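Architecture and fold: a report
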Amino acid sequence: MTLRQKLLLVALCTLALPVAGWLYVRQMETLLREGQAQALLASARAMARSLVVVDAPLPPAGPAWYLQRTPVPITIDGYGDDWAPLSPWAQSFGSNAKVMLAEDDHWLYFSVEVRAPQRRRADAGDRLALSADHLIVSIASGEDAQRYLLASAAPGPTTAIALDAEAGVLPDRINAQWQEDGSGFRVEFRLPRGLRLDRFGLGVHVAAAGDNEPLSAESRPLVDFSPALSQELARLAPDGVRVRLLSADAWLVAQSGRLDLPDLPASERPGWFASLVYRSLLATRFDAESAWAEDAPRIDLPEVREAIAGKPATAWRAGEARSSVVLDVAMPVQARGKLHGVVLLEQPSRAVPLLANRALFGLLLTSFAVLLVAGGVLLLFATRLTIRLRRLRNAAERAQANDGQFDGPFPLTDAADELGDLARSFERLFVVVGGYTDYLRTLASKLSHELNTPLAIVKSSLDNLDHAGLPAEAEPYLARARDGVARLGALVRAMSEASRMERAIAAAEAEDVDLADIVRGCAEGYRVLAGDRRLDVELPGTPVFMHVSPELVAQALDKLFDNALSFTPGDGWMRIALRPTADGADIELANQGPPLPAAMQGRLFDSLVSLRDKATPGDAPHLGLGLYVVRLVAERHQGSASARNLDGGVAFTLHLKGLPRQRLA
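Residues numbered from 1 in each chain as written. Predicted model: local features only at pLDDT ≥ 70, side-chain atom pairs only at ≥ 80, totals over all residues. Heavy atoms only, no water.

With that settled, consider the nonpolar core. By size, the foremost hydrophobic cluster in this structure holds 45 residues, and its most contacted members are Leu515, Leu578, Ile587 and Phe652. At the level of elements, α8 (475-506), α9 (515-530), β19 (545-548), α10 (550-567), β20 (573-580), β21 (585-592), α11 (626-636) and β23 (649-656) are the ones that each hand at least two residues to this core. Membership of the second largest hydrophobic core comes to 39 residues, among which are Ala44, Ala64, Val342 and Leu344. (Core = buried A, V, L, I, M, F, W, Y, C linked by side-chain atoms within 4.5 Å. Buried < 20%, exposed > 50% of the residue type's maximum accessible area, 1.4 Å probe, protein only. Helix = DSSP H or I, 4+ residues; strand = E, 2+ residues; numbered from the N terminus.)

Here it is in structure tokens:
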């Protein structure tokens, strides 16, 4: 990972600012919700108390039968086709019966569906009717009450007979329809609205289930939607809020208001993107979607059930309009310690989403601008820092390639920061390294110059001793002294030759020659020296003309061959290859032998570096100057020298680009 990438990664830490702001906006949205919920809870509590104080006609406490409104008259035929729109809100009775009650302007309609796979039939007038499947129906109007026995021996019309004495205006018989199928039976009947019924009771007796209870019916009050109570709610309801009054069983008995939002100008209406942002990033939680139909007779919501249990509850739901929310508040209505119903307040709002969206978008714009500026500044800083580091690296590499010598002033030494300190340290280091390199380069010539005189004195002294007539036992010591002087003389001559070679290389003149002819001529001369070793020569099929010094190229090949010959076994192989390149040519000399040590591959072409073992008596001394001369020849031709290991051998490559051409004055 580059420095710029690291700094850009650090710049991403500024994302913590918008994240913190986003969390703050979410918390603000939660606080706005809580404030709105507390205000609506106070309104709901005040409305519930007002309904009790003004003695409004509240629904009765406890279970009740709810009369649904039917838009068309229901045909009493014992079938459920006419009841299909009302069937989703059928009221369960016991474990095996469902009851539906409906009303229009003239009639009250009753439908009882009983599950009874096994049937026992008898008419209501039969003496066995009480031991067969039958219904006990009770109705009441004020102080008048009556019970009826309803049974049938066969599907079709039937009559329910009264069980009690004559009870005022209530009829003594009720005409009904009885229909059966494989799962049970269904009973339908109707009564006039003029009876002003206020209670209805039902008892279901299935003979196969062992129901042998007395002739009883569970009586409950009748509840329906009350326009009068709706008007009372309209007087007490706050503006912009829909109010519903529910019975203790969550049946709708009164309603006022609608879920209408104030109209906004087109420029201020939130779009789909703002709505998506609010619901996905800001809204803390919405309760599950539920039916919002205004004509639903039963409002069975979680907050309503919680209020029926005696505890006020709130809930938030997504509104029908885009970017709107609806706050539900359910408040129990209690009078004299009894629960008579629940007041449900529903308040639609765009204020909370609008405020939260505006705050978030403002935060995002500010954060994006800050992030863009911070990222740009860090990118510029990283780019400048990278450029300075690259200048420092390039200068160090050039100095290293030039044996520690600078080709100009070292960069960044005048900088006042840490990079300036580093550059000045590098400059001092390369000054020391360059001085040491210069010392090593001139060491051979200095030693050869300084050793010539002492060697001449020692040699002349040995000659004088030879003429002085030494005893016989001193002759071996004199011979050993002469041998040492000879070896020292060879070393001095080798060092002098290296110094002269450096000067000769620097002053060499070039000409246009075919490198293939030079390599071919050198290889022919090496075959005699190779002895039993195999020498292969690989030359291109076309001439390779270059502007070089033929003597220097041949001398470099001599040094490479001499180095390869000393390491190649007697039955080994050697190979000389010439390969043209895009900018010059490569001369490679490969030989069989031990691999190069990894630690020495970068130092092989330095002065006074050798991989040979110490010379034995009689061997020529090796000062490690041969490959150094190869390197000087390559650099004189604007090229380089390199070495690499092969499978079972070593290859030395001389890469030549040619000498620069001299301009005529």
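Let us look at the pattern of salt bridges. Within the structure shown, the criterion is met by 25 salt bridges. Glu113 serves as the salt-bridge partner of Arg186, at 3.1 Å between the closest nitrogen and oxygen. Here Arg186 is found in strand β9 (residues 184-192), whereas its partner Glu113 is found in strand β4 (residues 107-115), with 73 residues between them in sequence. A salt bridge links Asp517 to Arg520, with the shortest nitrogen-to-oxygen separation between them at 2.9 Å. Of this pair, Asp517 and Arg520 both sit in helix α9, three residues apart, roughly one helical turn. We classify Asp517 as partly exposed; its relative accessible area is 45%. Residue class for Arg520 comes out partly exposed when judged on its relative accessible area of 37%. Taken together, the shared-partner salt bridges in this structure form one network comprising Glu538, Arg575, Arg579, Glu588 and Arg644. (Salt bridge = Lys/Arg side-chain N within 4 Å of Asp/Glu carboxyl O.)

Further remarks concern a nonpolar patch on the surface. Together, Leu9, Leu12 and Leu15 give the surface a local cluster of nonpolar side chains, amounting to about 260 Å² of exposed area. For Leu9, the location among the structural elements is in helix α1 (residues 3-11). With relative accessibility at 48%, the residue Leu9 sits in the partly exposed group. (Patch = residues over 30% accessible without salt bridge, like charges linked within 9 Å, V, L, I, M, F, W, Y side chains within 5 Å. Areas by Shrake-Rupley, 256 points an atom, 1.4 Å probe, with all protein chains shown as cover.)

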